[in-house]
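A look at the structure
The residues making up each chain are set out below.
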Amino acid sequence: DTEVTQTPKHLVMGMTNKKSLKCEQHMGHRAMYWYKQKAKKPPELMFVYSYEKLSINESVPSRFSPECPNSSLLNLHLHALQPEDSALYLCASSQEVARPYGYTFGSGTRLTVV
Amino acid sequence: SQELEQSPQSLIVQEGKNLTINCTSSKTLYGLYWYKQKYGEGLIFLMMLQKGGEEKSHEKITAKLDEKKQQSSLHITASQPSHAGIYLCGADWYNTDKLIFGTGTRLQVFP
């Protein structure tokens, strides 16, 4: 299995809702990442997990809460989002945060906040 | 400030033509990655370059990294409509644990 699987593919949520995005990989990778991509912009890094511990938080608002319950799974919990948070959320993994192993990306979750 | 610059921002070429996309870093890279993205979809890995002067090819796509490891180019030979999409260069640097992307190049190939 050489894939990163993200669910759901699409999500519409209200500003008062609580929802979660899920990312799963079974490649034995020990580093996992969340990126946010707005339309016509490159992906922007949000969080980095290394060996299930948060190693980088790129000053992301607290309404985004990441969680890494085990080495194969990465969640992004969403609460009280704003319409400007609508974007494509991409998950990625790599063998280690140390290179040069490369990064594998999932297909993303298209989030719309109404 | 943007650490990784890509050019051009967009490219429209006729099928069969060659094209080049450039990616420049403000400091020496550790690794340089090329990805392709169709609108609204995930990133497809193309190539990874790590050594100064390295060159890799896959089908009609060739990527190079300069000796100083600050500039990379992606060259497509005899472009086809299937090459259309957004090309992103990504890089990581010494003493960082993160992959940062360039501004992207939108490629359109018309018959």
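Residues numbered from 1 in each chain as written. Chains lettered and ligands numbered in written order. Predicted model: local features only at pLDDT ≥ 70, side-chain atom pairs only at ≥ 80, totals over all residues. Heavy atoms only, no water.

Let us now look at the overall build of chain A. A count of helices and strands for chain A gives zero helices and eleven strands. Each helix (α) and strand (β) of chain A, taken in turn from the N terminus, gives the series β-β-β-β-β-β-β-β-β-β-β. Against the globule reference of 13 Å for 114 residues, chain A gives a C-alpha radius of gyration of 13 Å, in line with a compact fold. Dimensions along the principal axes, computed over C-alpha positions, put chain A at roughly 40 × 25 × 20 Å. Put simply, chain A has 114 residues, and 47% of those count as buried. (Helix = DSSP H or I, 4+ residues; strand = E, 2+ residues; numbered from the N terminus. Rg over C-alpha atoms; globule rule 2.2 N^0.38 Å. Buried < 20%, exposed > 50% of the residue type's maximum accessible area, 1.4 Å probe, protein only.)

Next up on the list: the pairing of strand β3 (residues 19-25) of chain B. Residue and element names in this part refer to chain B. What you see with β3 is a clean split: L19, I21, C23 and S25 sit on the buried side and T20, N22 and T24 on the side with no burial. Bridge count between strand β1 (residues 4-7) and β3: four bridges; the pairing is antiparallel. For E5, the partnering residue across the bridge sits in β3 and is T24. As defined by bridge partners, β3 adjoins strand β8 (residues 71-76) across six bridges and the pair is classed as antiparallel. Looking across to β8, one finds that C23 is bridged to S72. (Pairing = 2+ DSSP bridges.)

A word on the state of the cysteines. Disulfide: a covalent bond connecting the sulfur atoms of a pair of cysteines. Following the criterion strictly, the structure yields two disulfides over all chains and no others. Here C23 of chain B is linked by a disulfide to C89 of chain B, with a sulfur-sulfur distance of 2.0 Å. When the S-S torsion is 75 degrees, as for the bridge of C23 of chain B with C89 of chain B, the disulfide is right-handed. You can see C23 of chain B sitting in strand β3 and its partner C89 of chain B sitting in strand β9 (residues 85-92), a full 66 residues away along the chain. No difference in accessibility class separates C23 of chain B from C89 of chain B, as the two residues are buried. Between C68 of chain A, a free cysteine, and C23 of chain A, which holds the nearest cysteine sulfur, the sulfur-to-sulfur gap is 9.2 Å. What makes C68 of chain A buried here is its relative accessible area of 13%. (Disulfide = S-S within 2.5 Å.)

For the rest of this paragraph, the subject is the interface of chain B and chain A. Each partner contributes residues to the interface: chain B has 23 residues there, and chain A has 22 residues. For the pair chain B and chain A, the summed buried surface comes to about 1,800 Å²; carbon and sulfur atoms form 56% of the total. Taken together, the connections running from chain B to chain A amount to one salt bridge. A salt bridge links K98 of chain B to E58 of chain A; the nearest nitrogen and oxygen atoms lie 3.1 Å apart. Only β4 (31-37), β5 (43-49) and β9 of chain B provide two or more residues apiece to the side of chain B that touches chain A. For the side of chain B that touches chain A, the class distribution of residues is ten nonpolar, eight polar and five charged. (Contact = heavy atoms within 4.5 Å. Buried area = accessible area lost by both parts, 1.4 Å probe. Salt bridge = Lys/Arg side-chain N within 4 Å of Asp/Glu carboxyl O. Nonpolar A, V, L, I, M, F, W, Y, C, P; charged D, E, K, R; others polar.)

The next point concerns the side chain of S94 of chain A. Residues and elements named next belong to chain A. As for its position among the elements, S94 is in strand β9 (residues 87-94). Assessed through its relative accessible area of 1%, S94 is described here as buried. At 2.8 Å, the side chain of S94 and the side chain of Y33 are in polar contact. Apart from residues no more than four positions distant in its own chain, S94 is found in contact with H29, R30, A31, Y33, G102 and Y103. (Polar contact = N/O pair within 3.5 Å; in protein donor to acceptor, adjacent residues only side chain to side chain.)

Moving on to the packing of aromatic side chains. Each aromatic ring pair is summarised here by two numbers: the centre-to-centre distance and the angle between the ring planes. Under the criterion given, the structure shown has nine aromatic pairs over all chains. Pairing Y103 of chain A with Y33 of chain B gives two aromatic rings, centres 5.2 Å apart and planes at 80 degrees, and the pair type is edge-to-face. Placement of the pair is Y103 of chain A in the loop between β9 and β10 (104-105) and Y33 of chain B in strand β4, with the two residues belonging to separate chains. Its relative accessible area of 4% is what places Y103 of chain A among the buried residues. Accessibility expressed as a relative area gives 0% for Y33 of chain B, which makes it buried. Through successive ring pairs, a cluster of aromatic residues spans Y35 and F105 of chain A together with Y35, F45 and F101 of chain B. (Phe/Tyr/Trp six-rings, centres within 6.5 Å; stacked < 30°, edge-to-face > 60°.)

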